[in-house]
Amino acid sequence: MAESKRDYYEVLGVGRDADEATLKKAYRQIAKKYHPDMNPGDAEAEKKFKEASEAYAVLSDPDKRRQYDQFGHAAFEGGAGGAGGFGGFDFSGADFSDIFGDIFGDLFGGGRRGRANQGPMKGMNIRKSVRLTFEEAVFGCEKELDVVLKDPCPKCHGTGAKPGTSPETCPKCGGKGQVVYTQQSFFGTVQNVQTCPDCHGTGKIIRDKCPDCGGTGYVSSRKKISVSIPAGIDNGQSVRIREKGEPGVNGGPRGDLLVEVTVSRHPIFQRQDVHIFSTVPISFAQAALGGDIRIKTVDGEVLYNVKPGTKTDTKVRLKGKGVPSIRNAQVRGDHYVTLVIQTPEHLSAEAKEALRRFDELSGNTLGAPEKEQGEGRKGKKKKGFMDKMKEAFEDLEE
């Protein structure tokens, strides 16, 4: 009795609506994992490799996939696989070239198929980090960094060869910078073009290396680089300094220096985009009577007039006291302040008495005896209610 086959979509681990790119990605991963050359002598791995190859051959072909979706495995039974292949399945028409180019490239330790690039190439970027204070990030600053940079060796002028000698044509690749590997597979002979491992794609071999640079053509030195940090930069953002990275290849430009910013936390301010947020405590007297208070901003202290009867958690907006836009330093965000009424914890006897007077004038009694309450109500009203309230607050603040 023939062994039942697994669903092709299940074999590749994809949904029935998977597109071509998803199918190819799924098959590439399975093929690399279970390829017989990667698992010599492993019959189970070979079986899984064949199973995945059969599934991909069907699902990557629009006509075969349509038949499979309609009839399942029955669509290819009874002669459909007469040409042979894995388990009698016909792989004619299935395109495995780019996938197996990757697989055999990995087997030989090379990269993807394709021509070696011997033209001018930009050098690699260098990454550095710098820590800023909250204020430095808001207003911008100048920072000096120590960076190790490579420069052409002055002794060999960047050739890497000992003075008086010259690089030779690579005998392995004939100066092409590429080599062609041939591999026998289940699908026949596969050729894979890769970068030459001896000359690393340069096409040149250095027999006598320069003693100063060791044949690399470059010498390293520590340099100080001045970095202008723009106003409004935020945590995690980077500043790019052109052509301060690694040297280019074959006459290409240098890479860039990328300076990533880390902003220290501020004890008072919090930032969200271009806006700043903070909390300012005020006394109960200031909230009830109003008055001027000083609020700290990144520009220094500003005077703000609290309105009488202000409630706790009241939010005020200080326009234009936020963070400059990194695109336009003339445009600034706002500073939002939350006013929080503080309850005093340690009161003197005089302050406590003043609070009792305030409580009495407000119509409360703090649990005073009924006789005293009555006497208080019968007393003559020598001053207005608000005058007495202000006097009570003044005594409390004293």
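- The protein goes by Chaperone protein DnaJ in an unreviewed UniProt entry, where it is assigned to Merdimonas faecis.
- Turning to the protein, the UniProt record has this under Subcellular location (unreviewed entry): "Cytoplasm".
- Annotation of the protein in UniProt includes, under Subunit (unreviewed entry), the sentence "Homodimer."

Some remarks on the nonpolar core
Reasoning step 1: Grouped together as the largest cluster of nonpolar side chains are 21 residues, with contacts concentrated most on Leu12, Val14, Leu23, Tyr27, Leu59 and Tyr68.
Reasoning step 2: If you list the elements that add at least two residues to this core, you get α1 (8–12), α2 (20–34) and α3 (43–59).
Reasoning step 3: Here the element with the most residues in this core is α3; it accounts for seven residues.
Reasoning step 4: Ignoring sequence-local partners within four residues, the contact set of valine 14 consists of Tyr9, Thr22, Leu23 and Ala26.
Reasoning step 5: Counting residues in each nonpolar core, the second largest holds 18 residues, with Val227, Val239, Leu257 and Val259 among its members.

Re the UniProt feature "repeat: CXXCXGXG motif" (unreviewed entry) in the protein
Reasoning step 1: UniProt records the feature "repeat: CXXCXGXG motif" (unreviewed entry) for residues 153–160, 170–177, 196–203 and 210–217 in the present numbering.
Reasoning step 2: Along residues 153–160 one finds 0% helix and 0% strand; the C-alpha atoms at either end are 8 Å apart.
Reasoning step 3: Span residues 196–203 is 0% helix and 0% strand, its end C-alpha atoms 8 Å apart.

Things to note about the pairing of strand β13 (residues 300–306)
Reasoning step 1: Two elements, strand β12 (residues 291–297) and β13, share seven bridges in a ladder whose sense is antiparallel. For isoleucine 293, the partnering residue across the bridge sits in β13 and is tyrosine 304.
Reasoning step 2: Hairpin connection of β12 to β13: two residues between the antiparallel strands.

Some words on the side chain of serine 325
Reasoning step 1: Within the secondary structure, serine 325 sits in the loop between β14 (314–318) and β15 (335–342).
Reasoning step 2: If sequence neighbours within four positions are ignored, serine 325 has contacts with Ala231, Val274 and Val331.

Comments concerning the sheet that holds strand β11 (residues 275–283)
Reasoning step 1: Reading across the sheet, the four strands line up as β10-β11-β15-β14 and stay open at both edges, with mixed pairing between neighbours. Since the sheet does not close on itself, it has two edges, and those belong to β10 (270–272) and β14, each with one partner. Taken pair by pair, the neighbouring strands of this sheet meet at an average axis angle of 30°, ignoring direction.
Reasoning step 2: Relative to β15, β14 runs antiparallel, the two being bridged by five bridges.

Notes on the packing of aromatic side chains
Reasoning step 1: For the coordinates displayed, the defined rule picks out six aromatic pairs.
Reasoning step 2: Aromatic pair tyrosine 27 and tyrosine 56: ring centres 4.7 Å apart, planes at 5°, arrangement stacked. You can see tyrosine 27 sitting in helix α2 and its partner tyrosine 56 sitting in helix α3, a full 29 residues away along the chain. For the pair tyrosine 27 and tyrosine 56, a shared accessibility class is recorded, and that class is buried.
Reasoning step 3: Cluster of aromatic residues (ring-pair linked, three or more members): Tyr8, Tyr9 and Tyr68.

Definitions and cut-offs
- Residues numbered from 1 in each chain as written.
- Predicted model: local features only at pLDDT ≥ 70, side-chain atom pairs only at ≥ 80, totals over all residues.
- Heavy atoms only, no water.
- UniProt positions renumbered as here; feature names shortened; annotations may be inferred.
- Core = buried A, V, L, I, M, F, W, Y, C linked by side-chain atoms within 4.5 Å.
- Buried < 20%, exposed > 50% of the residue type's maximum accessible area, 1.4 Å probe, protein only.
- Helix = DSSP H or I, 4+ residues; strand = E, 2+ residues; numbered from the N terminus.
- Contact = heavy atoms within 4.5 Å.
- Pairing = 2+ DSSP bridges.
- Axes fitted to C-alpha atoms, helices over the stretch in contact; angles between N-to-C directions.
- Phe/Tyr/Trp six-rings, centres within 6.5 Å; stacked < 30°, edge-to-face > 60°.

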